Each structure stands twice: as structure tokens, then as C-alpha cells.
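This is what each chain is made of:
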Amino acid sequence: MSTETKPGYELADFAEIDGVPCPCGTARRAFADVEDFPGTVHVTSISAEAKLHYHKRLTETYFFLECGPDAKMQLDDELIPVHPGMCIMIRPGTRHRAVGTMKVLIMVLPKFDPADEWFD
């Protein structure tokens, strides 16, 4: 009888992950198929104003890798200037969008579900 063991880690090379369109721009999503990981990790490129949206179940944490000079995040009715090295945790129900060009690392808990993107 053979026993299959899993390594104690998972790897993701975002250069090898196909980008998919999303309300924010183009997202590359990792770990969606990893059963024992509770979330997903995205690298998203935003080239213009994203669509204002919210999630009913998902919490997103944005870590800003690169930003244009006037980059901002709209969180409900507030516009917040952002720059590389900043991080924003966005709770379910918070309407949000990126304004300007940027590249962000997004941690999503629980796992990203495109059915949980809502628009007014």
C-alpha cells in the first residue's frame, strides 16, 4: 500500500499564471485549487479607473506594489491616496475601486468567488 504525501508548501509563479479580466483590470490568481489553503492570492494590474464594486462575503487586503503618482483607492465615499508599501484591508460590504494606475498584491479570504462581485 502506497501513501502519498504532500510537500509542506505550495509555489506560485505569477509570470506563469494567465491574467483574467476583472472589475479592477487584469488579475493573476494563485492557490484557488489548493484545498487546504483558506484564501487566494492575486497580483492585479490596474491601468485605468476600475469599476466600483463590493463583496458580500470576501475580505480583500491590498498591498500596493507599484502606483502612478496620483493613485487612490475609493472606499465607500472616501478617496485615499496610496503609494507602494501601503496596505488596506477591505471588509465585506465596503464599496471600493482603484483610481489610477497601480499593481497590487491582493489576499482574498475566503477563496475568491466571481459570484461575489456586486455592482450598484
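Right above here is the structure, for reference.
A few points on the structure. (Residues numbered from 1 in each chain as written. Predicted model: local features only at pLDDT ≥ 70, side-chain atom pairs only at ≥ 80, totals over all residues. Heavy atoms only, no water.)

**Some details on the side chain of Asp116**
Moving on, step 1. Tracing the sequence through the fold places Asp116 in the segment after strand S9 (102-109).
Moving on, step 2. Buried within the structure, Asp116 lacks any salt-bridge partner; Arg57 is the closest side chain of opposite charge, at an N-O distance of 4.5 Å.
Moving on, step 3. Within polar-contact distance, the side chain of Asp116 engages the backbone nitrogen of Arg57 at 2.8 Å.
Moving on, step 4. When sequence neighbours within four positions are dropped, the list of residues in contact with Asp116 reads Tyr54, His55, Lys56, Arg57 and Leu58. (Helix = DSSP H or I, 4+ residues; strand = E, 2+ residues; numbered from the N terminus. Buried < 20%, exposed > 50% of the residue type's maximum accessible area, 1.4 Å probe, protein only. Lys, Arg positive; Asp, Glu negative; His and termini not counted. Salt bridge = Lys/Arg side-chain N within 4 Å of Asp/Glu carboxyl O. Polar contact = N/O pair within 3.5 Å; in protein donor to acceptor, adjacent residues only side chain to side chain. Contact = heavy atoms within 4.5 Å.)

**A word on the pattern of salt bridges**
Two side chains that carry opposite charge are able to pair once their charged atoms sit near each other.
Moving on, step 1. Across all of its chains, the model carries two salt bridges by this definition.
Moving on, step 2. Among the salt bridges present, the one from Asp113 reaches Arg57, with a minimum N-O distance of 3.4 Å. Linking Asp113 in the segment after S9 with Arg57 in the loop between strand S3 (40-46) and strand S4 (59-67), this pair joins segments that are 56 residues apart in sequence.
Moving on, step 3. A residue is classified by how much of its surface remains accessible, and Asp113, at 27% relative accessible area, is partly exposed.
Moving on, step 4. The shortest N-O distance in the salt bridge between Arg95 and Asp120 comes to 2.4 Å. Pair noted here: Arg95 is in the loop between strand S7 (87-90) and strand S8 (96-99) and Asp120 is in the segment after S9, with a separation of 25 residues, a long-range link.

**A few points about the nonpolar core**
Moving on, step 1. Counting 20 residues, the largest nonpolar core has Tyr62, Phe64, Met73, Val82, Ile88, Met102 and Val104 as the members making the most contacts within it.
Moving on, step 2. Of all elements in the fold, only S4, strand S5 (72-75), S7 and S9 reach the threshold of two or more residues within this core.
Moving on, step 3. Broken down by element, the residue count for this core peaks at four residues, all from S9.
Moving on, step 4. Once residues within four sequence positions are removed from consideration, Val82 is found in contact with Phe64, Cys67, Ala71, Lys72, Met73, Ile88 and Met102.
Moving on, step 5. Counting five residues, the second-largest nonpolar core is a separate cluster that includes Ile17, Ala30, Phe31 and Val34. (Core = buried A, V, L, I, M, F, W, Y, C linked by side-chain atoms within 4.5 Å.)

**A look at the sheet that holds strand S2 (residues 25-30)**
Pairing between sheet strands relies on hydrogen bonds along the backbone, with the strands arranged either parallel or antiparallel.
Moving on, step 1. Judged by pairing direction, the sheet is antiparallel, and its six strands sit side by side in the order S1-S2-S3-S9-S4-S7 without closing on themselves. A single partner strand is all that each edge strand has here, and the edge strands are strand S1 (20-22) and S7. Averaged over all pairs of adjacent strands, the angle between their axes in this sheet comes to 30°, without regard to strand direction.
Moving on, step 2. Pairing between S3 and S9: seven bridges, direction antiparallel. Along S9, the bridge assignment pairs Thr40 with Val108. (Pairing = 2+ DSSP bridges. Axes fitted to C-alpha atoms, helices over the stretch in contact; angles between N-to-C directions.)

**A look at empty space enclosed by the protein**
Moving on, step 1. Going through the model one piece at a time under the given rule, you end up with one cavity of 30 Å³ or more.
Moving on, step 2. Of the pockets and cavities examined, the largest cavity occupies roughly 90 Å³.
Moving on, step 3. Cys22, Cys24, His42, Glu60 and Glu117 are the residues nearest the centre of the largest cavity, which is lined by 14 residues in total.
Moving on, step 4. Broken down by class, the residue content of the lining of the largest cavity amounts to seven nonpolar, four polar and three charged. (1 Å grid on protein atoms, 1.4 Å probe; cavity = no way out; pocket = protein on both sides within 12 Å on 5 of 7 lines; lining within 4 Å. Points joined across faces, edges and corners; volume = space filled by probe spheres on them. Nonpolar A, V, L, I, M, F, W, Y, C, P; charged D, E, K, R; others polar.)

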